[in-house]
Amino acid sequence: MPRIRTVLFVCSQNKLRSPTAEQIFSRRADLEVDSAGTNHDAEHPVTAETLGWADVIVVMEKAHRARLQRRFRAALGGKRIICLDIPDDFAFMQPELVQLLETKLARHLPVPMGAGA
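Residues numbered from 1 in each chain as written. Predicted model: local features only at pLDDT ≥ 70, side-chain atom pairs only at ≥ 80, totals over all residues. Heavy atoms only, no water.

Engineer: Help me understand the environment of Cys83 in this model?
Structural biologist: In this fold, Cys83 is placed in strand E4 (residues 80-83). Not counting chain neighbours up to four residues away, the residues in contact with Cys83 comprise Val59, Met60, Glu61, Lys62 and Arg65. (Helix = DSSP H or I, 4+ residues; strand = E, 2+ residues; numbered from the N terminus. Contact = heavy atoms within 4.5 Å.)

Engineer: Help me out: how do you make sense of the pattern of salt bridges in this one?
Structural biologist: Scanning the model with the defined rule gives five salt bridges in all. Residues Lys62 and Asp85 are paired through a salt bridge, measuring 3.0 Å at the closest nitrogen-oxygen approach. Of this pair, Lys62 sits in helix H3 (residues 62-71) while Asp85 sits in the loop between E4 and helix H5 (95-105), and the two are 23 residues apart along the sequence. What makes Asp85 partly exposed here is its relative accessible area of 41%. (Salt bridge = Lys/Arg side-chain N within 4 Å of Asp/Glu carboxyl O. Buried < 20%, exposed > 50% of the residue type's maximum accessible area, 1.4 Å probe, protein only.)

Engineer: What is the right way to look at the side chain of Asn14 in this model?
Structural biologist: Its location among the elements puts Asn14 in the loop between strand E1 (5-11) and helix H1 (17-25). Among the residues examined, Asn14 registers a relative accessible area of 3% and is labelled buried. At a separation of 2.8 Å, a polar atom in the side chain of Asn14 contacts the side chain of Ser18. A polar contact of 3.4 Å, which involves the side chain of Asn14, links it to the backbone nitrogen of His44. With residues up to four places along the chain from it excluded, the contact list for Asn14 reads Pro19, Ser35, Ala36, Gly37, Ala42, Glu43 and His44. (Polar contact = N/O pair within 3.5 Å; in protein donor to acceptor, adjacent residues only side chain to side chain.)

Engineer: Can you walk me through H5 in this structure?
Structural biologist: Owing to its 3.6 residues per turn, the α-helix aligns residues three or four sequence positions apart on the same side. All of the buried residues in H5 are Leu97, Val98, Leu101 and Leu105. End-on view of H5: buried residues confined to an arc of 100 degrees, all on one side of the axis. In this structure, the buried side of H5 is in contact with E1, H1 and strand E3 (56-59). (Arc of directions from axis to C-beta.)

Engineer: What is the right way to look at unusual backbone geometry in this model?
Structural biologist: Most peptide bonds take the trans form, and the phi angle of most residues other than glycine is negative. The backbone of Asp85 sits at a positive phi, close to 55 degrees, despite the residue not being glycine. Although it is not a glycine, Met93 adopts a positive phi angle of roughly 60 degrees. Among the structural elements, Met93 can be located in the loop between E4 and H5.

Engineer: What is the right way to read the confidence of the model for the protein from this model?
Structural biologist: The predicted coordinates ought not to be read in detail in places where the model reports low pLDDT. For the protein, the mean per-residue pLDDT works out to 93, and 94% of the residues sit at or above 70. When pLDDT is averaged over each helix and strand of the protein, the minimum, 93, is found for helix H4 (residues 73-76) and the maximum, 98, for H1. (pLDDT = per-residue confidence, 0-100.)

Engineer: Looking at this structure, how should I read the environment of Leu8?
Structural biologist: Within the fold, Leu8 resides in strand E1. Residue classification places Leu8 among the buried residues on the basis of a relative accessible area of 0%. Separated by 44 residues in sequence, Leu8 and Gly52 place their C-alpha atoms 9.9 Å apart. Filtering out sequence-adjacent residues up to four positions away, Leu8 remains in contact with Asp34, Ser35, Ala36, Thr50, Leu51, Trp53, Ala54, Val56, Ile57 and Val58.

Engineer: Sorry, what's going on with the pairing of E1 here?
Structural biologist: Two faces make up the sheet, and in a regular strand the side chains alternate between them. Counted residue by residue, E1 has six buried out of seven residues, so it is predominantly covered. Both E1 and strand E2 (residues 31-37) contribute to a ladder of seven bridges, which runs parallel. Residue pairing across strands places Leu8 opposite Asp34, the latter belonging to E2. This β-α-β element, E1 to H1 to E2, shows right-handed connectivity. One ladder, built from four bridges, connects E1 with E3; its direction is parallel. Within the sheet, the bridge partner assigned to Val7 lies in E3 and is Val56. (Pairing = 2+ DSSP bridges. Right-handed = clockwise from strand over helix to strand, strands pointing away.)

Now the structure itself:
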């Protein structure tokens, strides 16, 4: 059985984009997912602990990656950070956002052969 990868989705407020990604990818048996926000007043602010938990960190914008690198350089420890370049123009679970997330992450988080989603 393949190892389950842990993926942290990050946006600014943790209200729309990253919770949408968390909900979509939580259906995958090969992934354990969580989400957080870079802003101090986010629903679930990013912490060094959440970054340490993740195998892969997925940010929605370059600014999120920059904030993480500035505030949590030690906690990142060379972890893989994927930037999707998805602007804050969508509602929670908006079909266009769901499609963008699935399309942009397909090459980074492919479904293992023989695994169901």
